[in-house]
Amino acid sequence: MRRAEQGNETAVVEFIILGFQSTPEVQLILFLIFLVTYITTVSGNLLIMVLVVTDHHLHKPMFFFLGNLSFLETCYTSTILPRMLASFLTNKYVISINGCFLQYFFFTGLAGAECCLLTAMSYDRYIAICKPLHYTTIMNGKCCLQLAGGSWVNGLLASAIVTCLMPQLTFCGPNEIDHFFCDFTPLVKLSCTDTHRIELATFILASLLTLPPFLLTLISYVYISVTVLRIPSSTGRHKVFSTCSSHLTVVTLFYGTLIVVYLGPKPNTLGNLHKVFSVCYTVLTPLVNPLIYSLRNNNIKK
């Protein structure tokens, strides 16, 4: 373990990502599972991006946001899985402190962007179903670009603010992160300086990036549900609901797993089970998103 002298203390300059080292007997199985998952995730999301760009039938706001989501999911899973796969092969679990901060920046920035992007997609469905006569006027090219661009900027900007505060922390104790990537809580726990400032900033920014988008998404689907129930024919209700079911499933999976991980019992209570829950939103969600949209969207299937 390399260290650098800082005053009378010894500052850590690299971390050890423990990952799933506590289960050495299944390392090979985990490597194969994560490798297949990563290849499938990237392939599925790239296929959706290619379809959205090349097929003129998909040049619509809903698929524009879907293409953005697929690109985001590809980047999202690529911030974690390649390094984890390399660790399985080389048995080297060391990451520099700057590399850890960089991984945290991209991971949280993309997660925040996804919260905003899912809200933009729900707003698109709300306008399409509740205000169909005004849809083409409201959801024009400029509006779509602003919603998508704002999602990316908001997520990455909030992450940049927190990441800029991290170099102010000093790590002089244990350098083992009991997780499979550089997440906020296990990282800050290793700091030997006061962390109240960065924890407060993270709480405020995380609340702004999760609660308002979640509430706006919820409100959108309340209005959509009311509108759908007013449709007289059951065939019409089924057709309208089918256009929203894919997005609603993705929203439920994403926010559901986040709530379990960050609002559930503390990691020390759950042990390795906490890592398993974290796999759900970092690995499984990007994997199932293209499958959900492919299997439940008639335009994508065609």
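Residues numbered from 1 in each chain as written. Predicted model: local features only at pLDDT ≥ 70, side-chain atom pairs only at ≥ 80, totals over all residues. Heavy atoms only, no water.

A. Looking closely at the nonpolar core. By size, the foremost hydrophobic cluster in this structure holds 56 residues, and its most contacted members are F20, F34, F65 and Y76. Among the secondary structure elements, those contributing two or more residues to this core are α1 (27-54), α2 (61-78), α3 (81-90), α4 (97-130), α6 (141-165), α8 (196-229), α9 (234-263) and α11 (272-296). The element that contributes the greatest number of residues to this core is α4, accounting for 12 residues. The next biggest cluster of nonpolar side chains, apart from the first, holds 25 residues, and it includes A158, V162, M166 and I198. (Core = buried A, V, L, I, M, F, W, Y, C linked by side-chain atoms within 4.5 Å. Buried < 20%, exposed > 50% of the residue type's maximum accessible area, 1.4 Å probe, protein only. Helix = DSSP H or I, 4+ residues; strand = E, 2+ residues; numbered from the N terminus.)

B. Here's a closer look at the state of the cysteines. In the structure shown here, the tally under the stated rule is 2 disulfides. Each sulfur of the disulfide joining C100 and C182 lies 2.0 Å from the other. Its S-S torsion of about -125° marks the bond between C100 and C182 as left-handed, since a negative value means left-handed. Of this pair, C100 sits in helix α4 while C182 sits in the loop between β5 (176-177) and α7 (184-188); the two residues are 82 residues apart in sequence, bridging distant segments of the chain. We note that C100, like C182, is buried. Disulfide pairing places C172 opposite C192 at an S-S distance of 1.9 Å. With C172 in the loop between α6 and β5 and C192 in the loop between α7 and α8, the pair connects residues that are 20 residues apart, well separated along the chain. Ordering the disulfide-forming cysteines of the protein by sequence position, one finds them joined as 1-3, 2-4. (Disulfide = S-S within 2.5 Å.)

C. Seen up close, the UniProt feature "transmembrane region" (unreviewed entry) in the protein. UniProt's feature table lists "transmembrane region" (unreviewed entry) at residues 28-51, 63-81, 101-123, 144-169, 200-224, 245-264 and 276-295, given in the numbering used throughout. For residues 63-81, helix accounts for 89% and strand for 0%, while the C-alpha atoms at its two ends are 26 Å apart. Span residues 144-169 is 85% helix and 0% strand, its end C-alpha atoms 39 Å apart. (UniProt positions renumbered as here; feature names shortened; annotations may be inferred.)

D. Region of the structure containing the packing of α6 against α8. Interhelical geometry of α6 versus α8 gives an angle of 175° and a closest axis separation of 9 Å. It follows that α6 is roughly antiparallel to α8 by the angle criterion. In this structure, α6 contributes N154, G155, A158, I161, V162 and L165 to the contact, and α8 contributes R197, I198, A201, T202, L205 and L209. Tallied by class, the residues present in the contact of α6 with α8 amount to 8 nonpolar, 3 polar and 1 charged. (Axes fitted to C-alpha atoms, helices over the stretch in contact; angles between N-to-C directions. Parallel < 35°, antiparallel > 145°, perpendicular 65-115°, else oblique. Contact = heavy atoms within 4.5 Å. Nonpolar A, V, L, I, M, F, W, Y, C, P; charged D, E, K, R; others polar.)

E. Structural detail: the packing of aromatic side chains. In total, this model carries 14 aromatic pairs according to the counting rule given. When the centroid spacing of 5.1 Å and the interplanar angle of 90° are considered together, the rings of F15 and F171 count as edge-to-face. Residue F15 is located in strand β3 (residues 14-17), and its partner F171 is located in the loop between α6 and β5; the two are separated by 156 residues in the primary sequence. Given the relative accessible area of 0%, F15 is considered buried. (Phe/Tyr/Trp six-rings, centres within 6.5 Å; stacked < 30°, edge-to-face > 60°.)

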